[in-house]
Amino acid sequence: MIVLKTSRDLAVMREACRISAGALQVTGKAVEPGISTWELDKIAERYIRSQGAEPNFLNLYGFPACACISINDEVIHGIPSKKRVLKQGDIVSIDLGAKLGGYNGDNAATFACGDISDEAKRLIDTTRESLYEGITAAVVGGKIGDIGSAVQRYCEQRGYSVVREYTGHGVGKALHEDPSVPNYGTAGRGLRLLAGMTLAIEPMINMGGAAIRQLSDGWTVKTKDGSLSAHFEHTVAITNDGPKILTLV
Ligand code: MG
């Protein structure tokens, strides 16, 4: 079921999203060689709680931390660990959110750990840009396929692959609501986009093939071919005045 939000709902949700964005910014700034992903998770948790919000990833479906932190060929759902220490040249995808006033925010970004290769930079830039292509397509009267088509075209034209098994999603009182928002598709197809929809749009883009595999930890998803992967996400409200990114600091 798709829940449309009123402007009053959006005002509350915007606060949860603002805290989510702040947490992502603070945690991303702490990415540097020598820090563990466990420490990054604690930075995220401290920030979220300091704002009076709750880390909404913690214990969701049994996930044991506040942030998913995925390094290099890890696509999503990496579990923070004291044993995972960042190295110069890593690319680090951080996905986290906060809940406040009954509403959720959700956002992600891929950060460079020190100096990274030009090809890694290009993957990160393209993935970020593809998110904005998707957001631009999230307009009243459009279709859900417009979003995925925009993301897919942008990334595939640049030689990258779109992960299929995981998608964006509706977000609101639940972190994961209907509809699912694929990062691939055909423009003009699928569900009609309506004012009041709030969507987490989140391209997961691989440098090599699209295929993925899940590790035996039951969470971490990696590229099958070991190529690098990047991930960017915003929570976006579809309004009569166009798409509004809610996860801004
Ligand atoms: Mg999400």
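Up top you'll find the structure we're talking about.
Residues numbered from 1 in each chain as written. Predicted model: local features only at pLDDT ≥ 70, side-chain atom pairs only at ≥ 80, totals over all residues. Heavy atoms only, no water.

Novice: A description of helix α3 (residues 118-136) should follow, citing residues and the corresponding values.
Specialist: When the terminal C-alpha atoms of α3 are compared, their 27 Å separation across 19 residues agrees well with the 27 Å that a helix rising 1.5 Å per residue should span. Within α3, burial applies to Ala 120, Leu 123, Ile 124, Thr 126, Thr 127, Ser 130, Leu 131, Gly 134 and Ile 135. (Helix = DSSP H or I, 4+ residues; strand = E, 2+ residues; numbered from the N terminus. Expected span 1.5 Å × (residues − 1). Buried < 20%, exposed > 50% of the residue type's maximum accessible area, 1.4 Å probe, protein only.)

Novice: Talk me through the packing of aromatic side chains; I want residue IDs and the actual numbers.
Specialist: Scanning the entire structure with this criterion turns up 1 aromatic pair. With 5.0 Å between their ring centres and 80° between their planes, Phe 63 and Trp 219 make a pair best called edge-to-face. One end of the pair, Phe 63, is in the loop between β1 (54-55) and β2 (67-71); the other, Trp 219, is in the loop between β13 (212-214) and β14 (221-223), with 156 residues separating them in the sequence. Its end group placed over the ring of Trp 38, Lys 82 keeps NZ or CZ at 4.4 Å from the ring centre. Sitting over the ring of Tyr 154, Arg 158 keeps its end group 3.6 Å from the ring centre. (Phe/Tyr/Trp six-rings, centres within 6.5 Å; stacked < 30°, edge-to-face > 60°. Lys NZ or Arg CZ within 6 Å of the ring centre and 35° of its normal.)

Novice: Give me the packing of helix α1 (residues 7-29) against helix α2 (residues 37-50): which residues, what numbers.
Specialist: Contact geometry for α1 and α2: axes closest at 9 Å, N-to-C directions at 145°. Of the two elements, α1 crosses α2, and the hand of that crossing is right-handed. Residues Ile 19, Gly 22, Ala 23, Val 26 and Thr 27 of α1 lie in contact with α2, whose contacting residues are Leu 40, Ile 43, Ala 44, Tyr 47 and Ile 48. For the contact of α1 with α2, a count of residues per class yields 8 nonpolar, 2 polar and no charged. (Axes fitted to C-alpha atoms, helices over the stretch in contact; angles between N-to-C directions. Left-handed = near helix turned anticlockwise from the far one by under 90°. Contact = heavy atoms within 4.5 Å. Nonpolar A, V, L, I, M, F, W, Y, C, P; charged D, E, K, R; others polar.)

Novice: Let's hear about unusual backbone geometry: which residues, and what values?
Specialist: Glycine aside, negative phi is the norm for most residues, and most peptide bonds take the trans geometry. Across the junction of Asp 178 and Pro 179, the peptide omega takes the value 0°, indicating a cis bond. With respect to the helices and strands, Pro 179 occurs in strand β10 (residues 177-181). The phi dihedral of His 77 falls on the positive side, at around 65°, and the residue is not glycine. Relative to the elements of secondary structure, His 77 occurs in the loop between β3 (74-76) and β4 (91-96). His 77 gets classed as partly exposed once you look at its relative accessible area, which sits at 21%.

Novice: Now, about the environment of Leu 194: what can you tell me, with residues and values included?
Specialist: Relative to the helices and strands, Leu 194 resides in the loop between β10 and β11 (198-201). Separated by 53 residues in sequence, Leu 194 and Thr 247 have C-alpha atoms that sit 20 Å apart. With near-sequence residues (within four places) excluded, Leu 194 lies in contact with Leu 4, Val 140 and Ile 238.

Novice: So what about a nonpolar patch on the surface? Which residues, and what values?
Specialist: Taken together, Ile 2, Leu 4, Leu 191 and Leu 194 make up a surface patch of nonpolar side chains, about 290 Å² in accessible area. With respect to the helices, strands and loops of the structure, Leu 4 is situated in the segment before α1. Owing to a relative accessible area of 42%, Leu 4 belongs among the partly exposed residues under this scheme. (Patch = residues over 30% accessible without salt bridge, like charges linked within 9 Å, V, L, I, M, F, W, Y side chains within 5 Å. Areas by Shrake-Rupley, 256 points an atom, 1.4 Å probe, with all protein chains shown as cover. Salt bridge = Lys/Arg side-chain N within 4 Å of Asp/Glu carboxyl O.)

Novice: Give me the lowdown on the sheet that holds strand β9 (residues 168-170), citing residues and values where you can.
Specialist: Strands belonging to one sheet form pairs held by backbone hydrogen bonds; the direction of such a pair is parallel or antiparallel. Strands sit in the order β10-β9-β11-β16-β17 across an open sheet of 5 strands; the sheet is antiparallel. One side of each edge strand has no neighbouring strand; the edge strands of this open sheet are β10 and β17 (242-245). Each adjacent strand pair in this sheet contributes to an overall mean axis angle of 30°, direction not counted. Sheet topology places β9 next to β11; 2 bridges connect them, and they run antiparallel. Bridged to His 169 within β11 is Ala 200. Packing against the sheet, α1 makes contact with β11, β16 (234-239) and β17, and its axis sits at approximately 160° to β16. In the packing of helix α4 (residues 144-157) onto the sheet, the strands contacted are β10 and β11, and the crossing angle to β10 comes to about 40°. (Pairing = 2+ DSSP bridges.)

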